[in-house]
Amino acid sequence: MLILTALCSACAGAPAPRESAPVIIWPARCARPAAPELPRLSGLDLLESPRGYALLKRRDQIMRDYIAGLSDALDCYEAQLMPAEPPAKAPAPGDD
């Protein structure tokens, strides 16, 4: 009986390796631009008029500034996820 117990216990596989806990990253809040208030186009007789053209140009500039601010916020978050420097590679055997 003792021999059978010893043989059966030797057949058990190694315990499964435990997975490490996930790394949780708490990023710092990045500045995001406030949604802009665009000038209204209603009330214009023609968009092709000098006033209409000026309003369209102003709206375009406001939206470009807003998009640039959103892009900066995304870059801020992405910079927090990437390491500052890439990990150094170990030299291969025979490299001097």
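Coordinates for the structure precede this section.
Just so it is clear, the structure is predicted and the values come from calculations on it, not from any experiment.

Reading the values: rules and limits
Residues numbered from 1 in each chain as written. Predicted model: local features only at pLDDT ≥ 70, side-chain atom pairs only at ≥ 80, totals over all residues. Heavy atoms only, no water. Helix = DSSP H or I, 4+ residues; strand = E, 2+ residues; numbered from the N terminus. Salt bridge = Lys/Arg side-chain N within 4 Å of Asp/Glu carboxyl O. Buried < 20%, exposed > 50% of the residue type's maximum accessible area, 1.4 Å probe, protein only. Disulfide = S-S within 2.5 Å. Expected span 1.5 Å × (residues − 1). Patch = residues over 30% accessible without salt bridge, like charges linked within 9 Å, V, L, I, M, F, W, Y side chains within 5 Å. Areas by Shrake-Rupley, 256 points an atom, 1.4 Å probe, with all protein chains shown as cover.

Some points on the environment of leucine 38
On the secondary structure map, leucine 38 appears in the loop between α1 (2–10) and α2 (50–81). It is 9.2 Å that separates the C-alpha atoms of leucine 38 and aspartate 60, two residues lying 22 residues apart in sequence.

Considering the pattern of salt bridges
Following the criterion strictly, the structure yields one salt bridge and no others. In this structure, the salt-bridge partner of aspartate 60 is arginine 64, at a minimum N-O distance of 2.8 Å. On the criterion of helical spacing, the pair formed by aspartate 60 and arginine 64 is a turn pair, its members being four residues apart in helix α2. Residue class for aspartate 60 comes out partly exposed when judged on its relative accessible area of 37%.

A closer look at the state of the cysteines
Using the criterion set out here, one finds one disulfide in the structure. With its sulfur 2.0 Å from that of its partner, cysteine 30 forms a disulfide with cysteine 76. Disulfide cysteine 30-cysteine 76: the torsion about the S-S bond is -75°, which places it as left-handed. With a gap of 46 residues between them, cysteine 30 in the loop between α1 and α2 and cysteine 76 in helix α2 connect regions that are remote in the sequence. A relative accessible area of 9% means that cysteine 30 is categorised as buried. Residue classification places cysteine 76 among the partly exposed residues on the basis of a relative accessible area of 31%.

A word on α2
With 32 residues, α2 extends 47 Å between its outermost C-alpha atoms, agreeing within 8% with the 46 Å of an ideal straight helix rising 1.5 Å per residue. Every buried residue belonging to α2 is among Gly52, Leu55, Ile62, Gly69 and Ala73, and all of these are buried.

A short note on a nonpolar patch on the surface
Among the surface-exposed residues, Ile3, Leu4 and Leu7 lie close enough to one another that they form a single nonpolar patch of about 340 Å² accessible area. Its place among the elements puts isoleucine 3 in helix α1. Taking the relative accessible area as the measure of exposure, isoleucine 3 reaches 64% and is therefore exposed.

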